[in-house]
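Single-letter residue listing:
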Amino acid sequence: MNFVPSLIDKRLRLINLAVAGIGLAILLAYILISFQHLPPYDYQYFAQGAHLFCFDNAHFSFSEAYLYPAPFYTAFCLPDALAPQLWRWVWMLTPFFIGIWLAKGRAAVLAYPPLFLLLLLGQSTWLVLPLFILATYYHRGGQARWWHSVFLALAIFKPHIAFPAALYVLWCWRQRPRILLAAAFFAIALVLPSFILRPTWVQEWLATGRTFRAVSMASVAYIPVNLFQLDGAASQTGVMMVWGFSLFTGFLLYILFRWRRGGLDYEDWLLLVLFVNPTLHDYDLIILLPMLVVAPKRLLIALVAGMLTWVYALLTAITPSGALFNMSFLITFTFVFMRLWPISPRRNPV
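Conventions and cut-offs
- Residues numbered from 1 in each chain as written.
- Predicted model: local features only at pLDDT ≥ 70, side-chain atom pairs only at ≥ 80, totals over all residues.
- Heavy atoms only, no water.
- Helix = DSSP H or I, 4+ residues; strand = E, 2+ residues; numbered from the N terminus.
- Rg over C-alpha atoms; globule rule 2.2 N^0.38 Å.
- Buried < 20%, exposed > 50% of the residue type's maximum accessible area, 1.4 Å probe, protein only.
- Contact = heavy atoms within 4.5 Å.
- Salt bridge = Lys/Arg side-chain N within 4 Å of Asp/Glu carboxyl O.
- Disulfide = S-S within 2.5 Å.
- 1 Å grid on protein atoms, 1.4 Å probe; cavity = no way out; pocket = protein on both sides within 12 Å on 5 of 7 lines; lining within 4 Å.
- Points joined across faces, edges and corners; volume = space filled by probe spheres on them.
- Nonpolar A, V, L, I, M, F, W, Y, C, P; charged D, E, K, R; others polar.
- Expected span 1.5 Å × (residues − 1).
- Bend = angle between axes of the 7 residues up to and from the residue.
- Phe/Tyr/Trp six-rings, centres within 6.5 Å; stacked < 30°, edge-to-face > 60°.
- Lys NZ or Arg CZ within 6 Å of the ring centre and 35° of its normal.

Draft legend 1. Representation of the overall build of the chain within the structure. Helix and strand counts for the chain stand at 16 helices and 0 strands. Taken against the 2.2 N^0.38 rule, which gives 20 Å for 350 residues, the C-alpha radius of gyration of the chain at 21 Å falls within 12% of a compact globule. With respect to the principal axes defined by its C-alpha atoms, the chain has extents near 75 × 55 × 50 Å. Taking all 350 residues of the chain together, the buried fraction comes to 48%. For the chain, the proportion of contacts with a sequence separation of at least 24, taken over those separated by at least 6, is 72%.

So, in structure tokens, the structure goes:
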């Protein structure tokens, strides 16, 4: 009597394996082609910035192209210089396998728009993904280990994205001085080379203006950027308008969470921050994956919202900027809405 269900399960596993294999094959082909032509769009800027900072520092300057903190460049200049081809393989394949591992082998995760975009561009947000995995692990009752401190140091690479998980992890370690000391050691080891090469990099980096790119924004900050035509603008007034709108929206959302839920846990805070963070891009939403994969229902909802993002991208492919993926904001919006108004309040909420 179990013959038909087991046959269906077997076919589903084969389909899942085939989809994962096709996805990996496409990625491998993409990497191979990149060696013959150009590296992935963002990856080439990372490699150029690392080379300049470490080996031609006099000609390096923080700019729209080189926005990362200096430790980001000092950490990767040697791997890129000594084994550039191997390093590109590692850089491009690691987030693919992390995504598949997090989803427990479900190839459907490859349809998650932020993961696809990260792989397409060779983006770097996967570097802080282990920290969000750790935060979710603690939130689910996991125990702290001293080697977890390595993951906190990774927040230095993208502090504007990593800070919600970093703050939560530090809170979990508040009575664990050994782990805190280990984290400080790893952070110093990561930061020290950058100060040796350029002692004034912090002031220069903080003084670098950041513009807003509506094509890839993935937060409610897209509204003032689009409404007041601030796309690409770096004026102080424009920046203040965007941040003011985002912070005010975040405050209202905080009140709403307190009213509806009585308080905020880690997942609530994470969704709130991602909802309003004006520096968030579509590919940055891979940091939601650890929270999504804890339940198949969550991943399914994220993929449904992701499908709407794909449709929007296809409909906007004829624009001068190409396909727009800023509708990835729907993923965060959907989960914020469902945390506030659960579909089945008497059952386990999503």
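Draft legend 2. Looking closely at the environment of A166. On the secondary structure map, A166 appears in helix α8 (residues 159–172). For A166 and A155, which are 11 residues apart along the polypeptide, the C-alpha to C-alpha distance reads 6.9 Å. Setting aside chain neighbours within four positions, we find A166 in contact with L131, L152 and A155.

Draft legend 3. The pattern of salt bridges, seen in detail. The full count for this structure, using the stated rule, is 9 salt bridges. A salt bridge links R213 to E64, with the nearest nitrogen and oxygen atoms 3.8 Å apart. Separated by 149 residues along the polypeptide, R213 in the loop between α10 (201–206) and α11 (222–227) and E64 in the loop between α2 (41–55) and α3 (70–82) bring together distant segments of the chain. The class of E64 is partly exposed, set by a relative accessible area of 38%. Measuring nitrogen to oxygen at the nearest pair gives 2.9 Å for the salt bridge that ties E204 to R198. Classification of E204 by relative accessible area gives partly exposed; the value is 27%.

Draft legend 4. Structural context of the state of the cysteines. A complete count under the given rule lists 1 disulfide for this structure. Across the disulfide, C54 is cross-linked to C77 (sulfur-sulfur distance 2.2 Å). On the sign convention where negative is left-handed, the bridge of C54 and C77, at about -80° about the S-S bond, is left-handed. Taken together, the positions of C54 in helix α2 and C77 in helix α3 put the pair 23 residues apart, joining distant regions of the chain. For the pair shown, C54 and C77 are each scored as buried.

Draft legend 5. Main features of helix α5 (residues 113–121). Burial runs high along α5: 7 of the 9 residues are buried. Within α5, the full set of buried residues consists of P113, P114, L115, L117, L118, L119 and L121. Positive phi appears at G122, one or two residues downstream of α5, with a value of about 70°.

Draft legend 6. Quick peek at empty space enclosed by the protein. Applying the stated criterion across every chain yields a total of 2 cavities of 30 Å³ or more. Counted as a void, the largest cavity has a volume near 70 Å³. Those elements that place two or more of their residues in the lining of the largest cavity are α2, α3 and α4 (84–102). Of the volumes computed, that of the second largest cavity is approximately 30 Å³. What lines the second largest cavity is simply R210, T211, F212, R213, M217, P278, T279 and H281. A per-class count over the lining of the second largest cavity returns 3 nonpolar, 3 polar and 2 charged.

Draft legend 7. Main features of α4. Given a rise of 1.5 Å per residue, 19 residues ought to cover 27 Å, and the 27 Å separating the end C-alpha atoms of α4 matches this to within 8%. Along α4, the helix axis deviates most sharply at L93, where the bend reaches about 30°; the proline P95 sits within four residues downstream. When we look at burial in α4, the residues that qualify are W87, R88, W91, M92, L93, P95, F96, I98, G99, I100 and L102. A positive backbone phi angle near 55° is found at K104, which sits one or two residues after α4.

Draft legend 8. Layout of the side chain of T125. Within the fold, T125 resides in the loop between α5 and α6 (129–139). Overall, T125 belongs to the buried group, its relative accessible area being 0%. Among residues more than four places away in sequence, those in contact with T125 are L118, K158, I161, Y283, D284, I286 and I287.

Draft legend 9. Main features of the packing of aromatic side chains. For the structure shown, the criterion picks out 37 aromatic pairs. The interplanar angle of 75° and the centroid separation of 6.5 Å between the aromatic rings of Y68 and Y73 together place this pair among those described as edge-to-face. Ring centres of F72 and F157 lie 6.0 Å apart, and the angle between their planes is 85°; this geometry places the pair in the edge-to-face category. Here F157 lies in the loop between α7 (149–153) and α8 and F72 lies in helix α3, a separation of 85 residues in the sequence. Here the two residues F72 and F157 agree in accessibility, since each one is buried. A cation sits over an aromatic face here: R260 above W259, 5.6 Å from the ring centre.

Draft legend 10. Layout of the environment of V191. Positionally, V191 belongs in helix α9 (residues 177–197). Through-space distance from the C-alpha of V191 to that of P69 is 9.4 Å; in sequence the pair is 122 residues apart. Those residues in contact with V191 that sit more than four places away from it in its chain are P71 and I156.

Draft legend 11. Representation of unusual backbone geometry. A positive phi angle, near 55°, is found at K104, a position not held by glycine. Along the chain, K104 turns up in the loop between α4 and α5. K104 gets classed as exposed once you look at its relative accessible area, which sits at 61%. One non-glycine residue, Q229, lies in positive phi territory at about 55°. Within the secondary structure, Q229 is located in the loop between α11 and α12 (236–261).

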